[in-house]
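Survey of secondary and tertiary structure
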Amino acid sequence: MRAYSRNGLRPRLGRALFAVLLVAGWAAIAGTASASQFKRIRDISVSCTDGLTCDVSAYNAQSEVYTVIFRRTARPEAPVRLVLGVRETLTAGSSVGISIDGRTVLQIPVSDLSYRAAVYEYIFDDEEQISALIAEAKAGRELRVTYRSRGLDTGSSFSLSGFVAGLIFMDEVQGRVGREDAIQAEGAAPGDQGAPVRAIAAISDLPFQLRGEFRDSPDAACGAMDDELFANLGGFEAHSGGDTWLIGLPCGMGGAYNQPYAFWERIGSSLRMVPLPVMTEEGPSTDNVAWNISWDQDKQELSGFFKGRGLGDCGVYNRWTWREWTKGHVFILTESRAKGDCDGDPAGGPENWPALWPPE
């Protein structure tokens, strides 16, 4: 028998227990509200999912090939993939050339690239050639991509200012600093240590007990979801100590700027769905989803921001701590803020909006 409700996404906690969790959470408030999973370093951007798949990216917004990405998952010894973001498809039978400061490093036939049409990305997976490109890029100033698109031979140039610092930040986020498998901040520690956070990029990667929650059925918690959409949204499994893990998964269809996620605790092979305490106008309640989430593994902290509209000038912001409690873990609400007026004024961001909890 499952340890969580199959009747929708609204299991309830008793108000007495909820009050205990709120009080415990109030005492635990400390630090900033958001996880550090994005960083802009001069001309390089580094963004990491909650599953700690990280992109080190250079951009040229005026080009057909508008971004060059070095992508790596958090899996120990995971290879780096080269990803080209495009506005138009590349000409079949042509080649892509990549040079650093005028020196040609790679010449890749388009047929050697895999194409993800839904996100307009070409992916190259040759580890040896990508390692050579990274080595050249570390010492370079400019990366140039030449290609053929829409019947024309053209090229795109990208600044490498901040590239080395971007690699260091990716190593930091993925916990590789001082390890043999770091790209830049390498050391002598073995790289085969278990990653504290694992990316979940496919429904087939889920524990078998959860796969049924992603089918077209009224008793499925999340409902059917296209595999590519699931992969683009991404889920994660985060270590909570011992043999306990927190699983966060996209759950249900979101809108243009909001996506819900649901959570399960896994202890060995046992799973249970975990509710989240929330504050409402009527008082304390619980929900089984958080919106537009960010997970901080070091703090064991989850934040979510439901946007009232795309501008992000209104909505509800919550922050929870993931804590051990009696026979398992629970989410403790440590901060809740809201702004109801969609007036064009972000008011310093959701972390600075009027508090619902704790009272100010």
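These figures come from a predicted structure and were not determined experimentally.

Section: the sheet that holds strand β11 (residues 152-159)
Overall, antiparallel pairing links the 4 strands, which are arranged β7-β6-β10-β11 in an open sheet. Each edge of the open sheet carries a strand with a single partner, namely β7 (103-109) and β11. Averaged over all pairs of adjacent strands, the angle between their axes in this sheet comes to 20°, without regard to strand direction. By the bridge criterion, 8 bridges tie strand β10 (residues 142-149) to β11 in an arrangement that is antiparallel.

Description of the pattern of salt bridges
Taken as a whole and judged by the stated rule, the model has 18 salt bridges. The partner of Arg215 in a salt bridge is Asp219, and the shortest N-O contact between them spans 3.1 Å. Here Arg215 falls in the partly exposed class, since its relative accessible area comes to 33%. The class for Asp219 is partly exposed, based on a relative accessible area of 31%.

So, the sheet that holds strand β1 (residues 38-41)
Spatial ordering of the open sheet is given by β1-β2-β3-β4-β5-β9-β8, a layout of 7 strands whose pairing is antiparallel. In this open sheet, the two strands that pair with only one neighbour each are β1 and β8 (114-116). On average, each strand axis in the sheet is inclined to that of its neighbour by 20°, with strand direction left out of account. Judged from the 5 bridges that link them, strand β2 (residues 44-48) and strand β3 (residues 54-59) form a sheet pairing that is antiparallel. Bridge pairing in β3 places Ser47 opposite Asp55. Those strands touched by helix α3 (residues 163-173) are β1, β2, β3 and β4 (65-72), and its axis lies near 165° from that of β3.

Focus: the packing of aromatic side chains
The tally for this structure, following the rule as stated, stands at 9 aromatic pairs. Judged by centre distance (5.6 Å) and plane angle (90°), the ring pair of Phe214 and Phe230 falls under edge-to-face. Here Phe214, found in the loop between α4 (208-211) and α5 (227-233), pairs with Phe230, found in helix α5; they are 16 residues apart in sequence, far enough to count as distant. With relative accessibility at 6%, the residue Phe214 sits in the buried group. Each residue in the set Phe263, Trp320, Trp322 and Phe331 is aromatic and connected to the rest through ring pairs, giving one cluster. The aromatic ring of Trp245 is capped on one face by Arg198, whose charged end is 3.7 Å from the ring centroid.

Quick notes on the nonpolar core
Of all hydrophobic cores here, the largest spans 59 residues; its most connected members are Leu82 and Phe263. Examining the composition of this core, we find that 5 residues originate from one element, α3, more than from any other. In this structure, Leu82 is in contact with Val68, Ile69, Phe70, Ile98, Leu106, Ile108, Tyr122, Ile123, Phe124, Ile130 and Leu133, ignoring residues within four places of it in sequence. Grouped together as the second largest cluster of nonpolar side chains are 17 residues, Phe214, Met225, Ile247 and Ala262 included.

A word on the pairing of β10
When a strand is regular, its side chains alternate between the sheet's two faces. Of the two faces of β10, only the one carrying Leu143, Val145, Tyr147 and Ser149 is buried; Glu142, Arg144, Thr146 and Arg148 on the other face are not. In this structure, strand β6 (residues 95-100) lies alongside β10, joined through 4 bridges in antiparallel fashion. From the neighbouring strand, Gly97 faces β10, where its bridge partner is Thr146. Where β10 hands over to β11, the hairpin turn is made up of 2 residues, of which Arg150 adopts a positive phi near 55°.

Focus on the state of the cysteines
Under the definition given, this model contains 3 disulfides. Two residues share a disulfide in this structure: Cys48 and Cys54, whose sulfurs sit 2.1 Å from each other. For the disulfide bridge between Cys48 and Cys54, the dihedral angle about the S-S bond is near 110°, and by the sign convention the bridge is right-handed. A single burial state applies to Cys48 and to Cys54, both of which are buried. Put simply, Cys222 and Cys251 are joined by a disulfide, and their sulfur atoms are 2.0 Å apart. Here the S-S torsion is close to -100°, and the disulfide linking Cys222 with Cys251 is therefore left-handed. Within this pair, whereas Cys222 is found in the loop between α4 and α5, its partner Cys251 is found in the loop between β14 (244-250) and β15 (260-267), the two being separated by 29 residues in sequence. Going through the chain in sequence order and numbering each bonded cysteine, the pairs you get are 1-2, 3-4, 5-6.

Reading guide: rules and limits
- Residues numbered from 1 in each chain as written.
- Predicted model: local features only at pLDDT ≥ 70, side-chain atom pairs only at ≥ 80, totals over all residues.
- Heavy atoms only, no water.
- Pairing = 2+ DSSP bridges.
- Helix = DSSP H or I, 4+ residues; strand = E, 2+ residues; numbered from the N terminus.
- Axes fitted to C-alpha atoms, helices over the stretch in contact; angles between N-to-C directions.
- Salt bridge = Lys/Arg side-chain N within 4 Å of Asp/Glu carboxyl O.
- Buried < 20%, exposed > 50% of the residue type's maximum accessible area, 1.4 Å probe, protein only.
- Contact = heavy atoms within 4.5 Å.
- Phe/Tyr/Trp six-rings, centres within 6.5 Å; stacked < 30°, edge-to-face > 60°.
- Lys NZ or Arg CZ within 6 Å of the ring centre and 35° of its normal.
- Core = buried A, V, L, I, M, F, W, Y, C linked by side-chain atoms within 4.5 Å.
- Disulfide = S-S within 2.5 Å.

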